[in-house]
Structures are given as structure tokens and as C-alpha cells.
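# Coordinates in review
Take a look at the letters that make up each chain.
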Amino acid sequence: RDTTFKVSVVYDDPPEITVRLIIIGDLLHEGTDEVHTLKNGGLKKWLDEDITINMNMSVKDLILAGLDRLEVEYKGAFYPQYDSYYFKGIQIPRSGDYLEEFSNGALSGWMYHVNGYYPDRGVDRYYPDDGDIVVFHYTDDYTMEESIGSDGAGYGVDLEFYPPKDEPENPEEEARKQLEQAS
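Every chain is numbered independently, its residues counted from 1 as its sequence is written. Totals for whole chains, interfaces and linings use every residue, but because this is a predicted model, local features are given only for residues with pLDDT of at least 70 and side-chain atom pairs only at 80 or more, for both listing and counting. The side-chain quantities take in all heavy atoms of the structure and omit both hydrogens and water.

By salt bridge we mean one thing: a side-chain nitrogen of Lys or Arg within 4 Å of a carboxyl oxygen of Asp or Glu. Under the counting rule described, the total for this entry stands at seven salt bridges. Close ionic contact of Glu 100 with Lys 75 constitutes a salt bridge, the shortest N to O distance being 3.0 Å. With a gap of 25 residues between them, Glu 100 in strand 5 (residues 98-100) and Lys 75 in strand 3 (residues 74-79) connect regions that are remote in the sequence. Close ionic contact of Arg 125 with Asp 83 constitutes a salt bridge, the shortest N to O distance being 3.0 Å. Taken together, the residues Arg 125 in the loop between strand 6 (109-114) and strand 7 (133-139) and Asp 83 in the loop between strand 3 and strand 4 (84-91) connect sequence positions 42 residues apart. Exposure is judged per residue with a 1.4 Å probe applied to protein chains only, and the accessible area is read against the type maximum: over 50% gives exposed, under 20% gives buried, and values in between give partly exposed. With relative accessibility at 33%, the residue Arg 125 sits in the partly exposed group. A helix here means a DSSP run of H or I that spans at least four residues, while a strand means a run of E at least two residues long, and both kinds are numbered starting from the N terminus.

What follows is the structure, given as C-alpha cells:
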């Protein structure tokens, strides 16, 4: 009879590390023939930042820090059958809509990779190292995504931002201010 143990290392005074987090999302488009994937395109970058965390923090904690910077809400839960946490839905920036598992089809949902590889565990079970690149992304079809190795650590880095970085948050207010300054 086999016995298994789970071992976690917890630092008393955890060192800080810096991890690059890229969050890549989509818009709602269920019912169309479009299939947006990280591998084949159609997605938009929502965040691309270096985030400082400590070594006791998981990819889940990193993603939560990124979502806080985006000022969006999320839906997630711990799934005992997988012994892991899953982000079920993320609010689309500047929108009340949620991009959720199954929003854009039966195979759609949220995934992550670290340095080009999809880990074999959930976001709360993976602890990044200093200098890692974590890409948390939506896909319309998870079966089309694949690990691309360390040469692909920048997968998704060159995507356009949504909303565009130079787009004002409130275009009408921005136009009014510009008119006032011109007069």
C-alpha cells in the first residue's frame, strides 16, 4: 500500500522576486465562426507588467495582483476534484461583462503558461521564480494551445493592448477638457 505526502516550503522571511505577468483576454463573440487562441491569434493584451511578489506567493497571487492593477473583478473557486484553484471568469476591462469558461464556446476558458510551458498543476500550486514570464490567457479552444518551450516565452508579448494604452478612459470628458484648454 502506497502513501503519498504533499510538502510545501514556506519561508519565514521570504525573499522578493520580480515576475513578468502578461494577461491576455478576448471579447465575447459566442455564436460566430471565429476561434481566438493564443497560438493562432485574435486575443488582446490586457496587462504586461513586472510585478514584485515574495517566494511564498503562487501564480494565483501574481494573477490577483495583476487583476487588482486592471481594476477588474473575477470569479474563481477551489475545485477539490482537481485539488486546485481555477479562475472561472474575469471582467473585461472597462466593461461589466465577464469573459468566463464557456463564454466563447464549449472549449473556452482561462489558462496559463510559465516561460512557454503549460504547467501540470493549477495556479495555486505553482510558485514562480525570479525573472519568470507568466502568461495568463483566455482561449476559445484549449485543445489548440501547446507548450512552446523557452524560445516561446514571449508568446503574446507583441499583441495589441485592449483597451488601447493611448485611449482615454472617458473620451467625452477628455474632449471637453481639450476644448476648455483651447479657449
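Now that the structure has been shown, the text picks up again.
As summarised here, the arrangement of the four strands in space is 2-1-7-6, forming an open sheet in which the pairing is mixed. Both edges of this open sheet fall to strand 2 (44-54) and strand 6, since each of them pairs with a single strand only. Each adjacent strand pair in this sheet contributes to an overall mean axis angle of 20 degrees, direction not counted. Strand pairing is assigned whenever DSSP detects at least two bridges linking the two strands. Judged from the ten bridges that link them, strand 1 (residues 16-25) and strand 2 form a sheet pairing that is antiparallel. Paired with Glu 16 across the strands is Asn 54, a residue of strand 2. Contacts were defined at the residue level, with two residues in contact if any of their heavy atoms lie within 4.5 Å. Interaxial angles span 0 to 180 degrees and are taken between N-to-C directions of axes, which are lines fitted to C-alpha atoms, for helices over the stretch in contact. Running over the sheet, helix 1 (residues 59-70) touches strand 1, strand 2, strand 6 and strand 7 and is turned about 125 degrees from strand 2.

As summarised here, the arrangement of the three strands in space is 3-4-5, forming an open sheet in which the pairing is antiparallel. For this open sheet the edge positions go to strand 3 and strand 5, each flanked by a neighbour on one side alone. Pairs of neighbouring strands in the sheet enclose a mean axial angle of 25 degrees, with direction left out of account. When strand 4 meets strand 5, the two strands line up antiparallel, connected through three bridges.

Glancing now at the packing of aromatic side chains. The relative placement of two aromatic rings is captured by the distance of their centres and the angle of their planes. Stacked, tilted and edge-to-face pairs are distinguished by plane angle, under 30 degrees for stacked and over 60 for edge-to-face with tilted covering the rest, among Phe, Tyr and Trp rings (Trp via its six-membered ring) whose centres lie within 6.5 Å. Enumeration according to the criterion identifies eight aromatic pairs in this entry. Pairing Trp 110 with Phe 136 gives two aromatic rings, centres 4.8 Å apart and planes at 20 degrees, and the pair type is stacked. Of the two residues, Trp 110 is situated in strand 6 and Phe 136 in strand 7; the sequence distance between them amounts to 26 residues. Each of the two residues, Trp 110 as well as Phe 136, counts as buried.

Take the buried Ala, Val, Leu, Ile, Met, Phe, Trp, Tyr and Cys residues and link them wherever side-chain atoms come within 4.5 Å; each set so joined is a nonpolar core. Core analysis: the largest hydrophobic core is formed by 27 residues, its most contacted members being Leu 21, Ile 23 and Phe 136. Of all the secondary-structure elements, those providing two or more residues to this core are strand 1, strand 2, helix 1, strand 4, strand 6 and strand 7. Looking at this core element by element, the count peaks at five residues for helix 1. Sequence-distant contacts of Ile 23, that is, excluding residues within four places in its chain, are made with Lys 44, Lys 45, Trp 46, Leu 47, Gly 66, Leu 67, Leu 70, Trp 110 and Phe 136. Ile 22, Ile 24, Leu 43 and Val 135 belong to the second largest nonpolar core, which has eight residues in total.

Our focus in this paragraph is the confidence of the model for the protein. Per residue, pLDDT captures the predictor's confidence, and it can take any value from 0 to 100. In the predicted model, the protein carries a mean pLDDT of 86, and 80% of its residues have values of at least 70. Put simply, helix 2 (residues 171-182) is where the protein has its lowest mean pLDDT, 61, and helix 1 is where it has its highest, 98.

As a further point, take the pairing of strand 1. Judged by how many residues are buried, strand 1 sits mostly within the fold: seven of ten residues are covered. Sheet topology places strand 1 next to strand 7; five bridges connect them, and they run parallel. Each bridged residue has a counterpart across the sheet, and for Ile 24 the counterpart in strand 7 is His 137.

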